[in-house]
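Now for the letters of each chain:
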Amino acid sequence: QGGVHPPHCLQNMPDWSCGLADIINEFHATSPIPPYDSKVHRGIWRTFTIRCSLRTKKCMVIVLHAPASGGVGAKEDGSDDYSNVFDREKKRLINMLTEGLIPMPKRIFPENHMYDEAKEEKN
């Protein structure tokens, strides 16, 4: 449950931003900390925003999270207190995002959405 909506189908997104989304989804799937559920006010990871600059070829990943201790909707028994693993998971995410080359996923766009210069020249 949860995760980053894959931007792979958006032609205006650079390949490396799609690779970052894949890294974040891999992190999310393997983290013991659950995503935030606004219906019950539980979980920690709220939103991941990826800002990309095609001009500078740089990006910024913004992570918004609820308090590691559970916040407003915390269970009375403390079973959703992730304070003991939060710093470790935060470091793991940073390492995943910075440790090597960003994977470049294969992207396939629908044919009817591709710009074809050859077809334009015939018209």
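Please read all numbers here as calculations on a predicted model, not as lab measurements.

## Some points on the packing of aromatic side chains
Step number 1: This model, assessed by the stated rule, comprises 3 aromatic pairs.
Step number 2: In this structure an aromatic cluster arises from ring pairing among Phe 27, Trp 45, Phe 48 and Phe 86.
Step number 3: Here the basic side chain of Arg 46 rests over the ring of Tyr 36, its NZ or CZ set 3.8 Å away from the ring centre.

## Points about the pattern of salt bridges
Between side chains of opposite charge, pairing is possible as soon as their charged atoms come close.
Step number 1: Going through the model one piece at a time under the given rule, you end up with 4 salt bridges.
Step number 2: Between Asp 15 and Arg 107 there is a salt bridge, and its shortest N-O distance comes to 2.7 Å. Taken together, the residues Asp 15 in helix α1 (residues 15–30) and Arg 107 in the loop between α2 (83–98) and α3 (117–122) connect sequence positions 92 residues apart.
Step number 3: A salt bridge links Arg 92 to Glu 89, with the shortest nitrogen-to-oxygen separation between them at 2.9 Å. Of this pair, Arg 92 and Glu 89 are both found in helix α2, 3 residues apart, which corresponds to roughly one turn of the helix.
Step number 4: With a relative accessible area of 3%, Glu 89 lands in the buried category.

## Some thoughts on the confidence of the model for the protein
Low-confidence regions, as indicated by low pLDDT, have predicted coordinates that should not be scrutinised in detail.
Step number 1: A residue-level look at the protein finds 85% of positions with pLDDT of 70 or above and a mean pLDDT of 82.
Step number 2: For the protein, α3 is the element with the lowest average pLDDT, namely 56, and α2 is the one with the highest, namely 94.

## So, the pairing of strand β1 (residues 45–53)
Step number 1: In the sheet, β1 pairs with strand β2 (residues 58–65) via 8 bridges, with the strands oriented antiparallel. Among the inter-strand pairings, Phe 48 is bridged to a residue of β2, identified as Val 63.

## Re the environment of Ser 83
Step number 1: Mapped onto the secondary structure, Ser 83 falls in helix α2.
Step number 2: Sequence-wise, Ser 83 and Ile 33 are 50 residues apart; in three dimensions their C-alpha atoms are separated by 9.9 Å.
Step number 3: Not counting chain neighbours up to four residues away, the residues in contact with Ser 83 comprise Ala 68 and Ser 69.
Step number 4: Here the side chain of Ser 83 touches Asp 81 through a polar contact of 2.6 Å, side chain to side chain.

## Some details on the state of the cysteines
Step number 1: Counted according to the given criterion, the structure contains 0 disulfides.
Step number 2: Sulfur of Cys 18: no disulfide; nearest cysteine sulfur belongs to Cys 9 and is 8.4 Å away.
Step number 3: Here Cys 59 stays unpaired: no disulfide links it, and the sulfur of Cys 52, its closest cysteine neighbor, is 5.6 Å away.

## With respect to the nonpolar core
Step number 1: Ile 33, Trp 45, Phe 86 and Leu 97 are the most contacted members of the largest nonpolar core, which totals 16 residues.
Step number 2: At the level of elements, α1, β1 and α2 are the ones that each hand at least two residues to this core.
Step number 3: What Trp 45 contacts, discounting residues up to four positions off in sequence, is Phe 27, His 28, Ser 31, Ile 33, Pro 34, Pro 35, Tyr 36, Val 63, Leu 64, His 65, Phe 86 and Glu 89.

## Side note on the side chain of Asp 80
Step number 1: Position of Asp 80 among the secondary structure elements: in the loop between β2 and α2.
Step number 2: Reaching out from Asp 80, the side chain makes a polar contact with the backbone nitrogen of Lys 75 at a distance of 3.1 Å.
Step number 3: Contact partners of Asp 80, with chain neighbours within four places excluded, come to Arg 42, Ala 68, Ser 69, Gly 70, Gly 73, Ala 74 and Lys 75.

About the thresholds
Residues numbered from 1 in each chain as written. Predicted model: local features only at pLDDT ≥ 70, side-chain atom pairs only at ≥ 80, totals over all residues. Heavy atoms only, no water. Phe/Tyr/Trp six-rings, centres within 6.5 Å; stacked < 30°, edge-to-face > 60°. Lys NZ or Arg CZ within 6 Å of the ring centre and 35° of its normal. Salt bridge = Lys/Arg side-chain N within 4 Å of Asp/Glu carboxyl O. Helix = DSSP H or I, 4+ residues; strand = E, 2+ residues; numbered from the N terminus. Buried < 20%, exposed > 50% of the residue type's maximum accessible area, 1.4 Å probe, protein only. pLDDT = per-residue confidence, 0-100. Pairing = 2+ DSSP bridges. Contact = heavy atoms within 4.5 Å. Polar contact = N/O pair within 3.5 Å; in protein donor to acceptor, adjacent residues only side chain to side chain. Disulfide = S-S within 2.5 Å. Core = buried A, V, L, I, M, F, W, Y, C linked by side-chain atoms within 4.5 Å.

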